[in-house]
Number of protein chains: 2
Amino acid sequence: MVTTRGLTLALDGMGGDNGPETVIGGAEVALVRHPDIRFVIYGDEAKMRPLLDKHPRVAAASEIVHTEVSIAMDDKPSQALRRGRKTSSMWLAIDAVKTGRAQAAVSAGNTGALMAMSKVILKTMPNVERPALAALWPTARGESVVLDLGATIGPDAWQLVQFAVMGEAFARVIFGLERPSVGLLNIGEEEVKGTEQVKDAAKMLRDAKLPMNFHGFVEGDDISKGTVDVVVTDGYTGNIALKTAEGTVRLIVEFLRSAMRSSILSKIGYVFAQSAFRALATKLDPRTSNGAVFLGLNGIVVKSHGDTDAMGYAYAIDVAVDVAAADLLNKIVSDLAGLDGLSGHEGRAQKPANEESEAALS
Amino acid sequence: MVTTRGLTLALDGMGGDNGPETVIGGAEVALVRHPDIRFVIYGDEAKMRPLLDKHPRVAAASEIVHTEVSIAMDDKPSQALRRGRKTSSMWLAIDAVKTGRAQAAVSAGNTGALMAMSKVILKTMPNVERPALAALWPTARGESVVLDLGATIGPDAWQLVQFAVMGEAFARVIFGLERPSVGLLNIGEEEVKGTEQVKDAAKMLRDAKLPMNFHGFVEGDDISKGTVDVVVTDGYTGNIALKTAEGTVRLIVEFLRSAMRSSILSKIGYVFAQSAFRALATKLDPRTSNGAVFLGLNGIVVKSHGDTDAMGYAYAIDVAVDVAAADLLNKIVSDLAGLDGLSGHEGRAQKPANEESEAALS
């Protein structure tokens, strides 16, 4: 276990649907689990002060930096970059990672803006053209890493290979596995199925002789089966798969709730089984999987769901703590070095990042 | 309600993981619901005869056509077309729709082969370049139509527009709605998000002045919310979303099962609530949503899950009966006529079907 002593996190105090309330409440919860960590919280001091008075423990563990500008949840990345450059709580939280004032930044703000600012401030790592958003997905075997969940729309095969390398390093760190298995999300297991990008990426991963336990293709239902430790996909498909799964969970919980209310007998049954239902509710609680990491940047930025509460935000802080304490970045950089020269070898012309992707996140 | 008298379905007796057993067992179940329908069953008579002896009702309602060749679940479409042309149970079942011997074909066989043969035999409708696989998805409001679930990988914007028109006609017929709402699956609701294809398709649907209730973009969690009656996507994303949702259901059912077994109290609770759990199990039973329709062909072909049982297969027969009885094809053709001249208007060069898509299904 790595120590969290001396770890400082930069929090975007204004991000998310409920802004400072969620952030400062979440910091309080996180301090119970990690009493040694410290925060720098960026935001509107007038709004944050009364909350800090209510949470003296957070106040004691934090430095507060007043900012005038907040990025709105519906600002386009270009707008956010124009309006929030060097002045917004989001920008300054990310910048704190660059300057070394903090070891990771957490924001519940708008994903597109967070991604755009993170790229401008932290830049991508060597051998990475586009970052990916990675998160943990509950499975029958525990949890798997799934990426990309929406940072890069329309990556090419070579960018999918980069995601695979970064996701594998993330899984090693977060699960403590030596050789996590990696699968490419597709519509079948046969080599001939799928988009050109995914077929080419599979070929590259098979041929590249990377020190990676590459499983091949996996299908949608393999994610929750836990067939592999790392599921690699493009941001469009990954985002849709994630939200489809979240919607499915909500629907079933709703079905279950109304089934338990459907008769006197079922209501009695519910009372007896209450603690089992409570355990199940915890297991299905989306807050416990909150916190996605931008991989491929020279610094750690964790994205919290915008509509989570303090409890959920604390889970995003957990992810930041785990990742920052585990020296993830250096592990990724060293794994990516294994790709040196490979893209040329595969005959792929180096090309600039997809124009399309930027717009897609706006 | 439309009559089913005189309706004949062609069944591919050899398709699916369990072949004739599922097909003939499923026909028995279907005959309880639709006593007037008749079958032509294509398959290996030696294998089917003992099963027909066990199901005299099916035998009485069916004509049996002996075939030597069966398409294997892992045959590539090209292989299937070579080996099974004019001789296989799959080919002959589809051909029966073309010749008018049957009003719809049902197969639990391999999707790629079924799609390839259906295209060769039935051809696509005017204004349709690529078929789509459509199915019903359980939602908080009942059911929605989702397409494409894997027939066309990498459709362009114009093909997505065709899917929208076909899916809307399907929803009108199957739900009896006058103006079903139609949404395009994307990673956000804003116009600037998503792939180029999905953005262009949205623009075309907004500008085309079709008599369609076009809602705009929907996200993954909108599917199970039932935000729209018809969700349009490409076959790659649709297939992954469907299987991800199926996997999520299985995972939660597993969590629920182990929660109910976790203590004496929860076991007692389970006994009291048993009938509620049984109702829930029925609601979540994937067999009840079995049966996807290939839209865009000059004939009705229904795809059953390969690994379903007789009960599930009967649901696929239900879909075929509903669609065949409702004059769906003529409704789609007339709706597609609304696209006449539009593709030129939108400045899109007519191009042949994606090469890629064919291979993708192999």
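Residues numbered from 1 in each chain as written. Chains lettered and ligands numbered in written order. Predicted model: local features only at pLDDT ≥ 70, side-chain atom pairs only at ≥ 80, totals over all residues. Heavy atoms only, no water.

Visitor: Would you take a moment to explain the overall build of chain A for this structure?
Guide: When helices and strands are counted, chain A shows 16 helices and 11 strands. Taken over C-alpha atoms, the radius of gyration comes to 21 Å for chain A, in line with the 21 Å a tight globule of 362 residues would show. When the backbone C-alpha atoms are referred to their principal axes, chain A occupies close to 60 × 60 × 40 Å. For chain A, with 362 residues in total, the buried portion stands at 60%. (Helix = DSSP H or I, 4+ residues; strand = E, 2+ residues; numbered from the N terminus. Rg over C-alpha atoms; globule rule 2.2 N^0.38 Å. Buried < 20%, exposed > 50% of the residue type's maximum accessible area, 1.4 Å probe, protein only.)

Visitor: What's the story with the relation of the copies chain B and chain A in this structure? I'm lost.
Guide: Put simply, the two copies of the chain differ by a rotation about an axis and a shift along that axis. The operation relating chain B to chain A is a screw motion whose rotation component is 180°, with 0.0 Å of axial translation and a residual RMSD of 0.0 Å. Taken together, the rotation and translation describe the operation of a two-fold axis. When C-alpha distances to the rotation axis are compared across chain B, the minimum falls at Gly-269 of chain B, with a value of 1.8 Å. By residue overlap, the copies meet face to face through one surface: 100% of the interface positions of chain B are interface positions in chain A. (Least-squares fit on C-alpha atoms with pLDDT ≥ 70 in both. Contact = heavy atoms within 4.5 Å.)

Visitor: Would you explain the interface of chain B and chain A in this entry?
Guide: It is common to report an interface's size as the accessible area lost on association of the parts. Facing the 60 residues of chain B at the interface are 60 residues of chain A. Interface of chain B and chain A: buried area, both sides summed, is about 5100 Å²; carbon and sulfur atoms make up 72% of it. It is Ile-187, Tyr-236 and Phe-272 of chain B in chain B that bury the most area against chain A; as a group they hold 13% of the surface buried on that side. If you look at where chain B meets chain A, you find 4 salt bridges. Linking chain B to chain A there are 10 residue pairs in polar contact (both at pLDDT 80 or more). For the side of chain B that touches chain A, the secondary structure elements donating two or more residues are strand E5 (132–139), helix H8 (196–207), helix H9 (220–225), helix H10 (235–260), helix H11 (264–272), helix H12 (274–284) and helix H16 (355–360) of chain B. The dominant element in the side of chain B that touches chain A, judged by the number of residues it contributes, is H10 of chain B, at 19 residues. Residue composition of the side of chain B that touches chain A, grouped by class: 31 nonpolar, 17 polar and 12 charged. (Buried area = accessible area lost by both parts, 1.4 Å probe. Salt bridge = Lys/Arg side-chain N within 4 Å of Asp/Glu carboxyl O. Polar contact = N/O pair within 3.5 Å; in protein donor to acceptor, adjacent residues only side chain to side chain. Nonpolar A, V, L, I, M, F, W, Y, C, P; charged D, E, K, R; others polar.)

Visitor: How should I be thinking about the packing of helix H1 (residues 19–33) of chain B against helix H2 (residues 45–54) of chain B in this particular structure?
Guide: Helix-helix packing is described using two parameters, namely the angle between the two axes and the distance between the axes. All names here are of chain B. Two elements in contact, H1 and H2, have axes whose closest approach is 10 Å; the angle formed by their N-to-C orientations is 35°. The way H1 lies across H2 gives a crossing that is right-handed. Facing Pro-20, Glu-21 and Ile-24 of H1, the residues of H2 in contact are Lys-47, Met-48, Leu-51 and Leu-52. Classifying every residue of the contact of H1 with H2 gives 5 nonpolar, no polar and 2 charged. (Axes fitted to C-alpha atoms, helices over the stretch in contact; angles between N-to-C directions. Left-handed = near helix turned anticlockwise from the far one by under 90°.)

Visitor: Mind showing me how you'd approach the sheet that holds strand E11 (residues 301–303) of chain B here?
Guide: Working definition: the strands of a sheet are paired by backbone hydrogen bonds and lie parallel or antiparallel to each other. Residue and element names in this part refer to chain B. Here we have 11 strands laid out as an open sheet, ordered E3-E2-E1-E4-E11-E10-E5-E6-E9-E7-E8, and mixed in their pairing. Either end of the sheet is taken by a strand with one partner, and the two such strands are strand E3 (62–66) and strand E8 (213–218). Recorded for the sheet is a direction-independent mean angle of 25° between the axes of neighbouring strands. Most of the contacts of H1 go to strand E2 (residues 38–43), to which it runs at about 175°, and overall it touches strand E1 (8–12) and E2. Against the sheet, helix H7 (residues 157–175) makes contact with E5, strand E6 (142–147), strand E7 (181–185), strand E9 (230–232) and strand E10 (292–295), and its axis sits at roughly 150° relative to E6, the strand it touches most. (Pairing = 2+ DSSP bridges.)

Visitor: In this structure, what is going on with helix H6 (residues 111–122) of chain A? I would like to understand it.
Guide: Because an α-helix completes one turn every 3.6 residues, residues spaced three or four positions apart along the sequence face the same direction. Residues and elements named next belong to chain A. When the terminal C-alpha atoms of H6 are compared, their 16 Å separation across 12 residues agrees well with the 16 Å that a helix rising 1.5 Å per residue should span. Turning to H6, its buried residues are Gly-112, Ala-113, Leu-114, Met-115, Ala-116, Met-117, Ser-118, Lys-119, Ile-121 and Leu-122. Just downstream of H6, Lys-123 is the residue with a positive phi angle, here 65°. (Expected span 1.5 Å × (residues − 1).)

Visitor: Is there a simple way to think about the packing of aromatic side chains in this case?
Guide: Describing an aromatic ring pair means giving the distance of the ring centres and the angle of the ring planes. Evaluated as defined, the whole model comprises 3 aromatic pairs over all chains. Relative to Phe-277 of chain A, the ring of Tyr-270 of chain A has its centre 5.0 Å away and its plane inclined at 35°; by these criteria the two rings are tilted. Looking at Phe-277 of chain A, the relative accessible area reads 8%, which means it is buried. Taking NZ or CZ as reference, Lys-283 of chain A lies 4.3 Å from the ring centre of Phe-255 of chain B, over its face. (Phe/Tyr/Trp six-rings, centres within 6.5 Å; stacked < 30°, edge-to-face > 60°. Lys NZ or Arg CZ within 6 Å of the ring centre and 35° of its normal.)

Visitor: I would appreciate a short explanation of the environment of Val-29 of chain A in the present structure.
Guide: Along the polypeptide, Val-29 of chain A turns up in helix H1 (residues 19–33). Beyond its immediate stretch of four places on either side in the chain, Val-29 of chain A contacts Met-311 and Ala-314 of chain A.

Visitor: Explanation requested: a nonpolar patch on the surface in the structure shown.
Guide: Among the surface-exposed residues, Ile-264, Leu-265 and Ile-268 of chain A together with Ile-264, Leu-265, Ile-268 and Phe-272 of chain B lie close enough to one another that they form a single nonpolar patch of about 640 Å² accessible area. Positionally, Ile-268 of chain B belongs in helix H11. (Patch = residues over 30% accessible without salt bridge, like charges linked within 9 Å, V, L, I, M, F, W, Y side chains within 5 Å. Areas by Shrake-Rupley, 256 points an atom, 1.4 Å probe, with all protein chains shown as cover.)

Visitor: Looking at this model, I keep getting lost on the nonpolar core. Mind explaining?
Guide: As a rule of thumb, nonpolar side chains are buried together in soluble globular proteins. Residues and elements named next belong to chain B. If you look at the biggest cluster of nonpolar residues, it comprises 115 residues, and the most contacted ones within it are Leu-11 and Ile-317. The element that contributes the greatest number of residues to this core is H7, accounting for 12 residues. Residues within four places of Leu-11 in sequence aside, it is in contact with Val-23, Ala-27, Phe-39, Val-40, Ile-41, Tyr-42, Ala-93, Val-106, Tyr-313 and Ile-317. (Core = buried A, V, L, I, M, F, W, Y, C linked by side-chain atoms within 4.5 Å.)

Visitor: Explain the environment of Phe-214 of chain B here, please?
Guide: Residues and elements named next belong to chain B. With respect to the element layout, Phe-214 can be found in strand E8. Note: C-alpha distance between Phe-214 and Arg-179 (35 residues apart in sequence) is 9.7 Å. For Phe-214, the residues in contact, after removing those within four places along its chain, are Val-182, Leu-184, Ala-202, Leu-205 and Arg-206.

Visitor: Please explain the side chain of Ser-107 of chain A as it appears in this structure.
Guide: Residues and elements named next belong to chain A. Take Ser-107: it is sitting in strand E4 (residues 104–107). According to the relative accessible area criterion, Ser-107 is buried, its value standing at 3%. Excluding its chain neighbours within four sequence positions, the residues that come into contact with Ser-107 are Asp-12, Met-90, Leu-114, Val-302, Lys-303, Ser-304 and Tyr-313.

Visitor: What exactly am I supposed to notice about the pairing of E7 of chain B here?
Guide: Residues and elements named next belong to chain B. Burial of E7 is extensive: 5 of the 5 residues sit out of reach of the surface. Covered by surrounding structure in E7 are Ser-181, Gly-183 and Leu-185 together with Val-182 and Leu-184, the residues of both alternating faces. With 5 bridges connecting them, E7 and E8 associate as parallel partners. If you follow Ser-181 over to E8, its bridge partner there is Asn-213. In this fold, E7 hands off to H8, which returns the chain to E8; that crossover is right-handed. (Right-handed = clockwise from strand over helix to strand, strands pointing away.)

Visitor: Could you clarify how one ought to interpret the side chain of Asp-148 of chain B in this entry?
Guide: All names here are of chain B. Examined against the element boundaries, Asp-148 turns out to sit in the loop between E6 and H7. Buried charge Asp-148 goes without a salt bridge, the closest partner of opposite sign being Arg-130 at 7.0 Å. A distance of 3.0 Å separates a polar side-chain atom of Asp-148 from the backbone nitrogen of Gly-150. Among the polar contacts listed, one links the side chain of Asp-148 to the backbone nitrogen of Thr-152, at a separation of 2.6 Å. (Lys, Arg positive; Asp, Glu negative; His and termini not counted.)

Visitor: How do you make sense of the sheet that holds E4 of chain A when you look at a structure like this?
Guide: All names here are of chain A. Spatially, E3-E2-E1-E4-E11-E10-E5-E6-E9-E7-E8 is the arrangement adopted by the 11 strands of the open sheet, whose pairing is mixed. Each edge of the open sheet carries a strand with a single partner, namely strand E3 (62–66) and strand E8 (213–218). Each adjacent strand pair in this sheet contributes to an overall mean axis angle of 25°, direction not counted. As paired elements, strand E2 (residues 38–43) and E3 share 5 bridges and run parallel to each other.

Visitor: Explain a positive patch on the surface here, please?
Guide: A cluster of like positive charges, contributed by Arg-85, Lys-86, Lys-98 and Lys-123 of chain A, occupies part of the molecular surface. Tracing the sequence through the fold places Lys-123 of chain A in the loop between H6 and strand E5 (132–139). (Charge placed at Lys NZ, Arg CZ, Asp CG, Glu CD.)

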